[in-house]
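# Understanding the architecture of this molecule
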Amino acid sequence: MNKLIKISDLFWEGISLSRVSNKNIVRSYLLFVIMAFLFELFLLALWIGTSIWSYSFGYRPSFEFYIAFGVLVIMMIITVNCIWSIFLSKK
């Protein structure tokens with residue numbers, strides 16, 4: 001169990017750039033993460049539009065459609081936490 005905790009800590013340090021002090025790397029990574037968040041917002045709008053459109057025609061989406069929404073929400077939570085931790089650690 002300790003190895004799993006160490007792996008998750010190393011993963012989070014890598015995502016949040018805890019040990020990086022070069023401003024150029026942090027800025028470009030932050031720009032990349034913000035663009036990923038904007039893309040996730042686009043996917044969320046696309047999912048909502050598709051669900052409204054499909055229900056208006058009386059079509060019920062499959063189970064995978066709802067799984068995709070759950071995965072998208074989890075990805076957005078991770079991205080927002082990553083952006084938040086970078087802003088807090090680099091001030």
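These lines cover the structure that appears in this document, whether it is placed above or below. Here the structure is a predicted model, which is why all the values come from computation and not from measurement. (Residues numbered from 1 in each chain as written. Predicted model: local features only at pLDDT ≥ 70, side-chain atom pairs only at ≥ 80, totals over all residues. Heavy atoms only, no water.)

Moving on, we come to the overall build of the protein. A tally of regular secondary structure across the protein gives three helices and zero strands. Listing each helix as α and each strand as β along the protein from the N terminus yields α-α-α. Computed over the C-alpha atoms, the radius of gyration of the protein is 17 Å, more than 25% above the 12 Å expected from 2.2 N^0.38 for a compact globule of 91 residues. C-alpha atoms of the protein, sized along the principal axes, occupy 55 × 35 × 15 Å. Buried positions account for 21% of the 91 residues belonging to the protein. A sequence separation of at least 24 residues applies to 73% of the contacts in the protein between residues at least 6 apart. By element, 75% of the accessible surface of the protein is carried by carbon and sulfur atoms, the whole surface being about 7200 Å². Positive and negative side-chain charges of the protein, numbering 8 and 4 respectively, have mean locations separated by a distance of 11 Å. (Helix = DSSP H or I, 4+ residues; strand = E, 2+ residues; numbered from the N terminus. Rg over C-alpha atoms; globule rule 2.2 N^0.38 Å. Buried < 20%, exposed > 50% of the residue type's maximum accessible area, 1.4 Å probe, protein only. Contact = heavy atoms within 4.5 Å. Areas by Shrake-Rupley, 256 points an atom, 1.4 Å probe, with all protein chains shown as cover. Lys, Arg positive; Asp, Glu negative; His and termini not counted. Charge placed at Lys NZ, Arg CZ, Asp CG, Glu CD.)

So, about the nonpolar core. Nonpolar side chains tend toward joint burial in soluble globular proteins. Listed in full, the eight residues of the largest apolar core are Ile15, Leu17, Val26, Leu30, Val33, Cys82, Ile83 and Ile86. Setting aside its immediate chain neighbours within four residues, Ile83 contacts Leu30, Val33, Ile34 and Phe37. (Core = buried A, V, L, I, M, F, W, Y, C linked by side-chain atoms within 4.5 Å.)

To continue, consider the side chain of Thr79. Turning to its location among the elements, Thr79 is positioned in helix α3 (residues 63-89). For Thr79, a relative accessible area of 9% gives the class buried. In terms of polar contacts, Thr79 uses its side chain to reach the backbone carbonyl oxygen of Met75, at 2.8 Å. When near neighbours in sequence (up to four residues on either side) are disregarded, Thr79 contacts Val33, Phe37 and Glu40. (Polar contact = N/O pair within 3.5 Å; in protein donor to acceptor, adjacent residues only side chain to side chain.)

With 14 residues, helix α1 (residues 2-15) should cover 20 Å at 1.5 Å per step; its first-to-last C-alpha distance of 20 Å lies within 8% of that length. Of all 14 residues in α1, one are buried, a share of ten percent or less. Leu17 lies just past α1 and shows a positive phi near 55°. (Expected span 1.5 Å × (residues − 1).)

What follows is about the packing of helix α2 (residues 23-56) against α3. Between α2 and α3, the shortest axis-to-axis distance is 10 Å and the interhelical angle comes to 155°. The pairing of α2 with α3 is recorded here as roughly antiparallel in orientation. For α2 against α3, the interelement crossing comes out left-handed. Class assignment for the residues of the contact of α2 with α3 results in 22 nonpolar, three polar and one charged. (Axes fitted to C-alpha atoms, helices over the stretch in contact; angles between N-to-C directions. Parallel < 35°, antiparallel > 145°, perpendicular 65-115°, else oblique. Left-handed = near helix turned anticlockwise from the far one by under 90°. Nonpolar A, V, L, I, M, F, W, Y, C, P; charged D, E, K, R; others polar.)

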